[in-house]
Amino acid sequence: MSRIAVPSVESATGATAEVYAQIRKAAGGVPNTFAAIGAHGPVALKAVLQAEAVLGSGSLSKRDQETIKLLVSEVAGCDYCVAAHSMLGKMAGLKPEALQQIRADQPTGDAKRDALAHFVRTLVETRGTLAQSEFDAIKAAGYTDAQLVDISLTIALVVFTNTFNRINDTELDFPAVQ
């Protein structure tokens, strides 16, 4: 059970109701994490959605975004986000075995995806300390400077939701991942 009390989504008013309506229109429902964030910080939730829109029009594919979000969530130990991004990764076209391999720090057989996963894991595990060789490797894999910006934004965005879900112990509303 989540730690932060969340009124029913249907009872929301004002800015919270507006942002929930936006989510319902896009996703068909309001995930528990967005319900909790929106109930107590509608401006924060709106910022998350705006950042997601920036990523949607950015230089990374949806598969790359979900690779990053899944990997960061796995390293952070956020069960909620691992479940969410496993499902969203499948919806983006990542195969279940690739999702498992990304989480387990194993090669997926896609050299560019593996380079991205290695780069992101290195950033997260070293708190952003990056050797020149790591920078050279991600560039050699074909990632552009614009994509490095979007990789950074993706990491920042998922760190926010990971952190909030760890604080809240948000109740899963996605299929659990083993």
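Keep in mind it's a predicted model, so treat the numbers as computed, not measured. (Residues numbered from 1 in each chain as written. Predicted model: local features only at pLDDT ≥ 70, side-chain atom pairs only at ≥ 80, totals over all residues. Heavy atoms only, no water.)

Student: Before we move on, could you go through the overall build of the chain and cite the residues and values that matter?
Tutor: Per the secondary structure count, the chain includes 9 helices and 0 strands. Across the chain, helices and strands are ordered from the amino to the carboxyl terminus as α-α-α-α-α-α-α-α-α. Relative to the 2.2 N^0.38 estimate, which gives 16 Å for 178 residues, the radius of gyration of the chain is 17 Å and therefore close to what a compact globule would have. Along the first, second and third principal axes, the C-alpha set of the chain runs to 50 × 35 × 30 Å. Across the 178 residues that make up the chain, the buried fraction comes to 41%. (Helix = DSSP H or I, 4+ residues; strand = E, 2+ residues; numbered from the N terminus. Rg over C-alpha atoms; globule rule 2.2 N^0.38 Å. Buried < 20%, exposed > 50% of the residue type's maximum accessible area, 1.4 Å probe, protein only.)

Student: Tell me about the packing of aromatic side chains, and please be specific about residues and values.
Tutor: In the structure shown here, the tally under the stated rule is 1 aromatic pair. Measuring from ring centre to ring centre gives 5.5 Å for Tyr80 and Phe174, while their planes differ by 80 degrees; the resulting arrangement is edge-to-face. Linking Tyr80 in helix H5 (residues 79–91) with Phe174 in the segment after helix H9 (145–168), this pair joins segments that are 94 residues apart in sequence. Classification of Tyr80 by relative accessible area gives buried; the value is 4%. Against the face of Tyr143 rests Lys112, its NZ or CZ located 4.7 Å from the ring centre. (Phe/Tyr/Trp six-rings, centres within 6.5 Å; stacked < 30°, edge-to-face > 60°. Lys NZ or Arg CZ within 6 Å of the ring centre and 35° of its normal.)

Student: Could you give an account of the pattern of salt bridges, with specific residues and numbers?
Tutor: As enumerated under the stated definition, the model contains 8 salt bridges in all. Here Glu66 ties to Lys62 by a salt bridge, and the two come within 3.5 Å at their closest N and O atoms. Pair noted here: Glu66 and Lys62 are both in helix H4 (residues 62–76), with a separation of 4 residues, about one helical turn. The exposure class assigned to Lys62 is partly exposed, which follows from its relative accessible area of 43%. Ionic contacts of the salt-bridge type, sharing partners, join the residues Asp64, Asp110 and Arg113 into one network. (Salt bridge = Lys/Arg side-chain N within 4 Å of Asp/Glu carboxyl O.)

Student: Mind laying out the packing of helix H3 (residues 42–56) against H9, listing which residues take part and the relevant values?
Tutor: Closest axis-to-axis distance for the H3/H9 pair is 10 Å, and the angle between their directions is 150 degrees. As the angle between them shows, H3 and H9 are arranged roughly antiparallel. Crossing geometry of H3 relative to H9 is assigned as left-handed. On H9, the residues touching Ala44, Val48, Ala51, Glu52, Val54 and Leu55 of H3 are Asp150, Leu153, Thr154, Leu157 and Phe160. Partitioning the contact of H3 with H9 into residue classes produces 8 nonpolar, 1 polar and 2 charged. (Axes fitted to C-alpha atoms, helices over the stretch in contact; angles between N-to-C directions. Parallel < 35°, antiparallel > 145°, perpendicular 65-115°, else oblique. Left-handed = near helix turned anticlockwise from the far one by under 90°. Contact = heavy atoms within 4.5 Å. Nonpolar A, V, L, I, M, F, W, Y, C, P; charged D, E, K, R; others polar.)

Student: A description of the side chain of Thr67 should follow, citing residues and the corresponding values.
Tutor: Relative to the elements of secondary structure, Thr67 occurs in helix H4. Contact partners of Thr67, with chain neighbours within four places excluded, come to Leu94, Ile102, Arg113 and Leu116.

Student: Can you break down the nonpolar core residue by residue, with the values?
Tutor: Among the nonpolar cores identified, the biggest contains 19 residues, and Ile68, Val120, Ile151 and Ile155 are the most heavily contacted of them. Those residues in contact with Ile151 that lie beyond four places of it in its chain are Leu60, Ile68, Leu116, Phe119, Val120 and Tyr143. The next biggest cluster of nonpolar side chains, apart from the first, holds 17 residues, and it includes Ala12, Val30, Val48 and Phe164. (Core = buried A, V, L, I, M, F, W, Y, C linked by side-chain atoms within 4.5 Å.)

What is shown is where atoms sit, not what they do.
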